[in-house]
There are 2 protein chains.
Amino acid sequence: MARTTPRGRTGAARAATVKDVADAAGVSIATVSRVVNGAPRVAEETKSKILKAVEALNYVPHTGARSLVTRRHDLIGVLLPDIHGEFFSEIVRGVDEAARRRGLHILVSNISGDANEDARVVAALRGRVGGLLIMAPDEGPDSLATRLPSDLPVVLMNTRGGGGRAALMIDNHAGALEAMAHLAAAGRRRAAHIAGPGRNIDASERLRGYRDGLAACFGGAAPMILQGDFCQTSGFEAGRAIAAMDPADRPDAVFAANDMMAVGCALALSEAGIRIPQDIALAGFDDIPLAGLVRPALTTVRLRMAEFGRRALARLVACMDDPDGACPEIEAMRPELVVRDSCGARSAPSGEEARPLAL
Amino acid sequence: MARTTPRGRTGAARAATVKDVADAAGVSIATVSRVVNGAPRVAEETKSKILKAVEALNYVPHTGARSLVTRRHDLIGVLLPDIHGEFFSEIVRGVDEAARRRGLHILVSNISGDANEDARVVAALRGRVGGLLIMAPDEGPDSLATRLPSDLPVVLMNTRGGGGRAALMIDNHAGALEAMAHLAAAGRRRAAHIAGPGRNIDASERLRGYRDGLAACFGGAAPMILQGDFCQTSGFEAGRAIAAMDPADRPDAVFAANDMMAVGCALALSEAGIRIPQDIALAGFDDIPLAGLVRPALTTVRLRMAEFGRRALARLVACMDDPDGACPEIEAMRPELVVRDSCGARSAPSGEEARPLAL
DNA sequence: GCAGTTTGTGTAAACGCTTACATTCCACGC
DNA sequence: GCGTGGAATGTAAGCGTTTACACAAACTGC
C-alpha cells in the first residue's frame, strides 16, 4: 500500500491547539470546541473571550484530528480524465464553487483510463475523502465504476454503465436529436455524421442521436457515417472525403460529433470550394470558444459544464448526508442548441454574437 | 457489505482499522503499522500475513489519524485565479502529476482576487495542507502574499511582489524581447504593442519587454502602445485603430500581449485589407491552440504550463522538506518563441504545423 | 557458555479533537 | 428550608495512527 514519504512539515513553531486556546481564555477545551463549532448554550461573555484567544493565537483546528473523531471528511475527491482545456476548468470551477458553499474542499486528480492505475488512485483517496465524483466517459462497463469501494458515496459523471451507482449524465442523445431537428428544419434532406471514438460515451450517444434524428426528421434516410476521433484532423479528413463525393450523392448537411471536427470539416469543405451553409449546413457539439469565432460561426450544442459540476456535487452531498437513502438514480442534464450561422437558419443574435469578432 | 466488520453490527460498515488487521494477522498493531509504512526489520513471513489481511479487510489507513501523529500533511493546496480554459487544466495536470509521483495529493481552489475572501480560503487550508501553491498574477504588492501564515511553506507562481516568499516566475520579459527580436530580424522597422491590463504582471512584464526590445532591436524607436485588456475584442479595436492610421505612420509590426488580442487584431486588419505578414507582421503571446489554427498561423511565445506546474510543485516540496532552508529565491521559467507564418519569417515547419489545418 | 549485538515483535503513550456524561450554580416553586 | 430543573461549563474517554522503548530470541565472537 501507499508507503508515505515524510513530507509536509509545518515549520518550526508548533501550531496552536484547543488546549492553548483554552488556557489563554481560562476555560476548558470542551468549551472552546463548542464555540469553534458553533454549539449553543455558551455564555456570550465566554464566547467572546474564546474568540479573542482564537484570534490572538491564530488558531485553526486540525482537520485530521477532527475527522478522526467525527468520522467524517470534508474533502471530496474529483477524478477527471485527461480531457484538455475548457471542460476541465469549467467542471472544477463548478464543483469548487458548490463545495465551498458547503464548507467542503475538493481534491482533484487525473485518471488515465488504465483501470489498474485508476483503482490505485481511488484507493489512495479512501480514508481521506467523504465522497467521490468521477468522470470517465471512456470507461468500459467492467472497469473502474464496478471496483469502487462500497463504503464510499460516489457520483459518476457522464459514465457508461455505473453498476448501480448514482450518476449524472449529459443528455447527448437529446442534444444530437435537437441538432438534427434543426438541420431538418433548415430544409436539409441528407445529413451525414462525423462520429467520435466509439468507446467514448459522448460519441456513441451522439451517434445514436444522429440515427434517431434521421429516423425522426429525415424520413428514415440512410445513415452516412464518417469515422473520426474528436480531433480536428479527423474532421478535416472527413470533410475532404465529403468534398470528393459525387455532388449528386453528397450530403447537404453534416452533423459532427464535436466542434473540433466540425471546424476541421469546415476547412476542408471551404478549401474545396464548397460553401457553408449554402451548399452544406454544418453543426457541431460542445460549443467550444472557437465555435463562435470561426466564420461562418458554428451552430452547435452547448454543454454547461460548470453547472454540471455544481449539480454533480449537490448530488454527491445528498448521497453523503443520507447514506442509506436509495439514490442510485441516473439524472440527465440536457444541453442546449446554440444557433449561429453555419446552418443557414440564423435566428436573433445572442449577446455574445454581437461582439465584432470573426476570423 | 459489513461481512468483515468484527463488531458485527448491522448498519453502516465501519472501515477496517490497524487493530482489525492486527487481529486478523495475529500480530500487534505496531507491526501492522510498520508493514504498511514500509519500515525495515519485519520478517518476510509476518509481512505477507499482514499484507494478506490488509487485502482481505480492504484496509486503508485513516489519513487524519496519521497526520495527527506525524504532524505532517500529504495534501498540497493549489490556488488558482479564475483564468479560463487551457492554462488552468495544464497547470493542474502538471502539479498533479508531480505530486502523485511523490505520494501527495492536491487540493484545488479558485481564488477571486478579493483579498479578504482569498485570505479566508487560505485560512481554511491551514491545518490541512502541508504547503501552498498560489498563482495570482493580478495581486497588488500588499495583498494575499503578505498575509500568508508564516508557518506554511508557500511557493508563489507568477506573482508580483512575493514578500520574501519563494516564487516561480514566467520570464515574460525575455519572451517579449525574443518576439521583438524576431520582428526586427524579419526586417521590420516600426513595432506597435497591444498591451494587456496594467495590474496584471504578465501584461506589464510583456510591455517592459516591448520597450526594451524597441531599445535593443529597433534603434530606440518611439513606443506605440495601444491599451487592451487581453480579450479578443480589445485586440480587434486596436487593429481597427491601426488600420485607421495614415499609412505613412502605420507600424509594420504589431506585438500583442496575448494571442487572443493578436487574433482580434488580425481580423480587424484583414477586414481593412491590410495583409499579414506582407503589410504588417504580427506576433502574439501564450500559444493558445487557436494560434496554430488561424491563417496566417500566428507566431507567438509558448508557455509550457504543465512544466510550470511540475516545477512549482518540486520547489514547494523542497521548501517543505527543508523548512529552515533559505529558499525564498525567485526562479524564472523562460518561454520559447514559436515561429509560424504571421511575421513572414517562417522557418522549418514543426511537426505540429505539418497537420493540414487552417481556418 | 557468556556478554554483546542484531532482529523481530509488543506495549503504551501521545497526537488534537469532539462529545457523553458529570458537575456546579442559580432561580424557582413549594 | 428543600427539591427541582435548566443553563453553563468541566472531565475524561476515545477516534486510528505512529513510534520510543522494552523485551525476547537468535545470532555473533570469544
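See above for the structure.
Quick look at the structure, then. (Residues numbered from 1 in each chain as written. Chains lettered and ligands numbered in written order. Predicted model: local features only at pLDDT ≥ 70, side-chain atom pairs only at ≥ 80, totals over all residues. Heavy atoms only, no water.)

A look at the overall build of chain A
Reasoning step 1: Each helix and strand in chain A was counted, giving 12 helices and 12 strands.
Reasoning step 2: The burial tally for chain A puts 52% of its 359 residues in the buried class.
Reasoning step 3: Excluding contacts between residues fewer than 6 apart, the proportion of contacts in chain A whose partners are at least 24 apart in sequence is 71%.
Reasoning step 4: Carbon and sulfur atoms make up 51% of the accessible area of chain A, which amounts to about 15,300 Å² in all. (Helix = DSSP H or I, 4+ residues; strand = E, 2+ residues; numbered from the N terminus. Buried < 20%, exposed > 50% of the residue type's maximum accessible area, 1.4 Å probe, protein only. Contact = heavy atoms within 4.5 Å. Areas by Shrake-Rupley, 256 points an atom, 1.4 Å probe, with all protein chains shown as cover.)

Focus on the pattern of salt bridges
Should their charged atoms come close, side chains of opposite charge can pair.
Reasoning step 1: In this structure the tally under the stated criterion is 36 salt bridges over all chains.
Reasoning step 2: Ionic pairing is found between E307 of chain A and R310 of chain A, a salt bridge with its closest N-O pair at 3.2 Å. You can see E307 of chain A and its partner R310 of chain A sitting in helix α11 (residues 305-321), 3 residues apart, about one turn around the helix.
Reasoning step 3: A residue is classified by how much of its surface remains accessible, and R310 of chain A, at 23% relative accessible area, is partly exposed.
Reasoning step 4: R208 of chain B is paired through a salt bridge with E205 of chain B; the nearest N and O atoms lie 2.9 Å apart. One end of the pair, R208 of chain B, and the other, E205 of chain B, are both in helix α8 (residues 201-217), 3 residues apart, so they sit about a helical turn from each other.
Reasoning step 5: You can call R208 of chain B partly exposed: its relative accessible area is 39%.
Reasoning step 6: A cluster of three or more residues bridged by salt bridges with shared partners is formed by E97, R101, E307 and R310 of chain A. (Salt bridge = Lys/Arg side-chain N within 4 Å of Asp/Glu carboxyl O.)

A word on the pairing of strand β3 (residues 131-135) of chain A
Residues and elements named next belong to chain A.
Reasoning step 1: Across the 5 residues that make up β3, a large majority, 5, are buried.
Reasoning step 2: Burial along β3 is two-sided: the residues G131, L133 and M135 and L132 and I134 are all buried.
Reasoning step 3: Sheet topology note: the strand β1 (residues 75-81)/β3 ladder contains 4 bridges and is parallel. Along β3, the bridge assignment pairs L79 with I134.
Reasoning step 4: Where β3 lies against strand β4 (residues 154-157), 4 bridges are found, and the strand directions are parallel. Counterpart to I134 in the pairing with β4 is L156. (Pairing = 2+ DSSP bridges.)

Structural notes on the protein's contact with DNA strand C
Reasoning step 1: If you check the shell around DNA strand C, you find 27 residues, and the closest are V18, S33 and Y59 of chain A together with S28 and T46 of chain B.
Reasoning step 2: Sugar plus phosphate, as a fraction of atoms of DNA strand C within 4 Å of the protein: 67%.
Reasoning step 3: H62 of chain A is positioned with one of its backbone polar atoms (N or O) 3.1 Å from a phosphate oxygen of DNA strand C.
Reasoning step 4: Between DNA strand C and the protein, one listed contact pairs a phosphate oxygen with a side-chain N or O atom of T46 of chain B at 2.3 Å. (Near = heavy atom within 4 Å. Polar contact = N/O pair within 3.5 Å; in protein donor to acceptor, adjacent residues only side chain to side chain.)

A short note on the packing of aromatic side chains
For any pair of aromatic rings, the description consists of the separation of the ring centres together with the inter-plane angle of the planes.
Reasoning step 1: Taken as a whole and judged by the stated rule, the model has 3 aromatic pairs over all chains.
Reasoning step 2: With 6.4 Å between their ring centres and 55 degrees between their planes, F88 of chain A and F88 of chain B make a pair best called tilted. Note that F88 of chain A is positioned in helix α5 (residues 86-101) and F88 of chain B in helix α5 (residues 86-101), a pairing that runs across two chains.
Reasoning step 3: Geometrically, the ring pair formed by F255 of chain B and F285 of chain B is tilted, given 6.4 Å between the ring centres and 45 degrees between the ring planes. With F255 of chain B in strand β8 (residues 253-256) and F285 of chain B in the loop between β9 (281-283) and β10 (300-302), the pair connects residues that are 30 residues apart, well separated along the chain.
Reasoning step 4: Judged by relative accessible area, F285 of chain B falls into the buried class, the value being 0%. (Phe/Tyr/Trp six-rings, centres within 6.5 Å; stacked < 30°, edge-to-face > 60°.)

Quick look at the protein's contact with DNA strand D
Reasoning step 1: Taken together, 29 residues lie around DNA strand D, and S28 and T46 of chain A together with V18, S33 and Y59 of chain B are the ones closest in.
Reasoning step 2: Sugar plus phosphate: this is where 65% of the atoms of DNA strand D within 4 Å of the protein reside.
Reasoning step 3: Note that a phosphate oxygen of DNA strand D is positioned 2.7 Å from one of the backbone N or O atoms of S28 of chain A.
Reasoning step 4: Counting residues per element, the ones that place at least two in the surface near DNA strand D are α2 (29-36) and α4 (63-70) of chain A together with α2 (29-36) and α4 (63-70) of chain B.
Reasoning step 5: Here the surface near DNA strand D takes 5 residues from α4 of chain B, the largest share from any one element.
Reasoning step 6: Considering only residue class, the surface near DNA strand D consists of 16 nonpolar, 8 polar and 5 charged. (Nonpolar A, V, L, I, M, F, W, Y, C, P; charged D, E, K, R; others polar.)

Some details on the sheet that holds strand β8 (residues 253-256) of chain A
Consider a sheet: its strands pair through backbone hydrogen bonds, and that pairing is either parallel or antiparallel.
Residue and element names in this part refer to chain A.
Reasoning step 1: A sheet is described by the order of its strands in space; here 4 strands give the open sequence β7-β6-β8-β9, paired in parallel fashion. Looking at which strands have only one partner, the edges of the open sheet turn out to be β7 (224-227) and β9 (281-283). When the angles between neighbouring strand axes are averaged without regard to direction, this sheet yields 20 degrees.
Reasoning step 2: With 4 bridges joining them, strand β6 (residues 191-195) and β7 adopt parallel strand pairing. Of the residues in β7, the one forming a bridge with A192 is M224.
Reasoning step 3: With respect to the sheet, helix α7 (residues 172-185) is in contact with β6, β8 and β9, its orientation differing from that of β8 by roughly 165 degrees.
Reasoning step 4: Packing of helix α8 (residues 201-217) onto the sheet brings it into contact with β6, β7 and β8, and relative to β6 it is tilted by some 170 degrees. (Axes fitted to C-alpha atoms, helices over the stretch in contact; angles between N-to-C directions.)

As for unusual backbone geometry
Residue and element names in this part refer to chain B.
Reasoning step 1: A cis geometry characterises the amide bond from I276 onward to P277, with omega recorded as 5 degrees.
Reasoning step 2: Take P277: it is sitting in the loop between α10 (259-271) and β9.
Reasoning step 3: The phi angle at D287 is positive, at roughly 55 degrees, despite the residue not being glycine.
Reasoning step 4: Exposure remark for D287: the relative accessible area of 16% places this residue in the buried category.

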